[in-house]
Each structure stands twice: as structure tokens, then as C-alpha cells.
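Architecture at a glance
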Amino acid sequence: MSETHPILIRLGQGLNQVIVGQSSLIQQLLVALLAGGHVILEGVPGTGKTLLVKVLAQLIQGEFRRIQLTPDVLPSDITGTNIFDLNSRNFTLKKGPIFTEVLLADEINRTPPKTQAALLEAMEEMQVTLDGESLPLPDLFWVIATQNPLEFEGTYPLPEAQLDRFLFKLVVDYPDQAAEKQMLLNRQAGFSARRLDISRLKPIATVADILQARQAVKEVKVSEAIVDYLLALVRTSRQYPDLTLGASPRAAGAWLQTSQALAWLAGRDFVTPDDVKAVASPLLRHRLILKPEAMLDGLQMDAVIASVINQVPVPR
């Protein structure tokens, strides 16, 4: 039996101390970090999405950049460009904010498809090509993109093929009553997210620790019965009557990887069916597509995912 790296336990505790009432979200974010997959954070304004990412980057000592995406942002604003220097009469590369370890892409659905494509290409290839030269991105390179689920006017929804490149779609919900009361008490005691000096937070881990943990996650054992169970779930999603699009082969591979990450976080060196089921919703909710009639009936995607899971027998 393997032991979860104590640094990762302390990392989760450190995040929960700053971000109140989002323990489930924090665990899912750590699973995505360990699996090396990019994340969409969807939630109404004021739920601490930006603060969560900034604090996490500080706690792992990762270089952090934030891009506020708007309709006038160009691909070169993200990737960078070559600038001609009149004094030296040479071109100088000015790298964009994408050359970082933790990148927060705020409101990704507010920027046009051409700019979205430049970001998503870098996410997939782990490199940026400028004037024919390929420039590698950092080993940790991790993108967290946010979007507001309530405003659709003036937005550019991501196509399904691009959504599939995100590992998780995490829904940031309102905190429960006890957590929200604690937030108010913290504010009354002087805590302010706007005035919080992130740089004063004491780091808990390093980027090297995270990369080492990712290697440990790959060593988590997956039995043939679990592989067959996962494949049965994938095939059931493709044949589900209320779905136009089921889970892709990329989704199946990501499902296996995130199940390993969750098992490792739980201190196990093997994957159980519960691990597979626990990561199903964040992994699939942005990849599956409901039929129009199912949408008109008000069917919710998470309910469909739960139904798919219930249809497949759990292996012993």
C-alpha cells in the first residue's frame, strides 16, 4: 500500500484554509494537477475561482500568469511576437504570458475562436511556434480556464473538439450556509481577498514535487477488471439514447489516468471502481452532448452520467 505524499495532504489543507467551503472542488483540482490535465472552472462571479488558482500557484511555487480574455485579444497577445529593434537591426522575441507554469485564462468564452485555437494548440502540443521556430513550454504547464455559465451574449462557446482537450470541467457552486457564515466572519475579522498578499503565503511544495508525484501516479496499478469496467462505461455512453456524442478514446485514457491520481491521493497503489465513478462527472460533463429533445425535457448532464454508471455492473 502506497502513502500519499504528505506535501500533497498539506497542500490541500492550505488551500482549504484560504478557500472556505470548496473542499470537494479543491480535491478535484488536485487530481487534475496530478494527472497533468487542463481544467475549465465554471461558476457565477464571486465564488473565488481566480483566488483559488492564484493561491495554488503560490503554494507550489509555480510561476503564475493571468490573461483577461476579451473580444479584442489576439493570438500574439497570448503567445508573443518578434519585435524589430531599430538599434540592433535584429528581431527580438517577446514571449507572451503563455510561457509560464500556471496560466489562468479568465473568461475563455469571451475571446474569438482564432485566439482560443492558439491557446488550445499550445495546451495540446506543449510548445508554441513563432515565425517557424518551435519554443517548448515548461514541464508543469497547466491551464485553468474560467467561464461564466449565465452570460451568453457576446461569447464564443468552445467547440466540442476543443473542449475535449480539457481534462476536467469543474462547477464552482455556492458554499453551504456554514461555510458562507465562516466567510462573513473572516471578512468581519479583517480578511479581504482583494487585499490578500499572495506572495506572503508560505509555499508548501515545489514544482519538482508535483512532477515527482505525477510519476508516482503512473505507477498505480490498474487491474484488467477495472480496465474492462471503464471500457464498458465508455461504450454505454456512446449508445445512451439521450446522447448525441459519447466518450471519446481520449476521454477513456483520461478517465484511467484521473482514476489513478485519485487512488494515489487516497493512499492506495491500486484503482477501485469507486475511483472510476468518482471522477466521472468532472471528466465527462463537457465531453458528452445531449440530444435536442433531451435538452428540451430539462435533462441534466450529471444525471445522465449517473444513469450511465448505474447501467454498468460493478466488478468484484
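An unreviewed UniProt entry annotates the protein as Magnesium chelatase of Nostoc cf. commune SO-36.

The subject of this paragraph is the overall build of the protein. A count of helical and extended segments in the protein gives 14 helices and 11 strands. Taken over the C-alpha trace, the protein has a radius of gyration of 21 Å; the compact-globule value for 316 residues is 20 Å, and the two agree within 12%. Its C-alpha atoms give the protein principal-axis dimensions of about 70 × 45 × 40 Å. Per-residue burial over the protein gives 48% buried out of 316 residues. The contacts of the protein with a sequence gap of at least 6 include a subset with a gap of at least 24, amounting to 78%. Looking at charge distribution, the protein has the averaged site of its 30 positive side-chain charges lying 4 Å from that of its 34 negative ones.

Glancing now at unusual backbone geometry. Phi at Q61 takes a positive value of approximately 60 degrees, unusual for a residue other than glycine. When you line up the elements, Q61 lands in the loop between α3 (49-59) and β2 (64-68). At M126, a residue that is not glycine, the phi angle is positive and equals roughly 60 degrees. Positionally, M126 belongs in the loop between α5 (113-125) and β6 (127-130). Residue classification places M126 among the partly exposed residues on the basis of a relative accessible area of 28%.

Looking now at the sheet that holds β2. Ordered by their spatial adjacency, 5 strands build an open sheet running β2-β5-β8-β1-β9, and the pairing between neighbours is parallel. At either end of the open sheet lies a strand with only one pairing partner, and these are β2 and β9 (168-172). Looking at each pair of strands side by side, their axes are set apart by 20 degrees on average, direction ignored. Note that strand β1 (residues 39-43) and β9 share 5 bridges and pair parallel. Within β9, the position partnered with V39 by the bridge is F168. Contacting β1, β2, β5 (102-106), β8 (142-147) and β9, α3 crosses the sheet at an angle of about 170 degrees to β5.

Once that is clear, we can look at the pairing of strand β7 (residues 133-136). On a regular strand, one side chain projects to one face of the sheet and the next to the other, so that they alternate. Pairing analysis gives 4 bridges linking β6 to β7, with the strands arranged antiparallel. The partner of Q127 across the bridge, within β7, is P136. Remark: 2 residues form the turn of the hairpin made by β6 and β7, two consecutive strands paired antiparallel; D131 in that turn has positive phi of roughly 50 degrees.

Checked against the element boundaries, P292 lands in helix α13 (residues 292-296). With relative accessibility at 54%, the residue P292 sits in the exposed group.

Here we come to the side chain of S259. Topologically, S259 is positioned in helix α10 (residues 249-265). The exposure class assigned to S259 is buried, which follows from its relative accessible area of 1%. Of the polar contacts made by the side chain of S259, one reaches the backbone oxygen of W255; its length is 2.7 Å. Contacts of S259, omitting those with residues within four sequence positions, involve V271, D275, V276 and V279.

This brings us to the layout of surface pockets. Quantified by volume, the second largest pocket comes out at close to 870 Å³. In this structure, the second largest pocket is lined by 25 residues; those nearest its centre are E42, Q147, K169, R285 and H286. Only β1, α6 (160-163), β9, β11 (289-290) and α14 (301-311) provide two or more residues apiece to the lining of the second largest pocket. Taken together, the residues of the lining of the second largest pocket sort by class into 14 nonpolar, 6 polar and 5 charged.

Criteria and thresholds
- Residues numbered from 1 in each chain as written.
- Predicted model: local features only at pLDDT ≥ 70, side-chain atom pairs only at ≥ 80, totals over all residues.
- Heavy atoms only, no water.
- Helix = DSSP H or I, 4+ residues; strand = E, 2+ residues; numbered from the N terminus.
- Rg over C-alpha atoms; globule rule 2.2 N^0.38 Å.
- Buried < 20%, exposed > 50% of the residue type's maximum accessible area, 1.4 Å probe, protein only.
- Contact = heavy atoms within 4.5 Å.
- Lys, Arg positive; Asp, Glu negative; His and termini not counted.
- Charge placed at Lys NZ, Arg CZ, Asp CG, Glu CD.
- Pairing = 2+ DSSP bridges.
- Axes fitted to C-alpha atoms, helices over the stretch in contact; angles between N-to-C directions.
- Polar contact = N/O pair within 3.5 Å; in protein donor to acceptor, adjacent residues only side chain to side chain.
- 1 Å grid on protein atoms, 1.4 Å probe; cavity = no way out; pocket = protein on both sides within 12 Å on 5 of 7 lines; lining within 4 Å.
- Points joined across faces, edges and corners; volume = space filled by probe spheres on them.
- Nonpolar A, V, L, I, M, F, W, Y, C, P; charged D, E, K, R; others polar.

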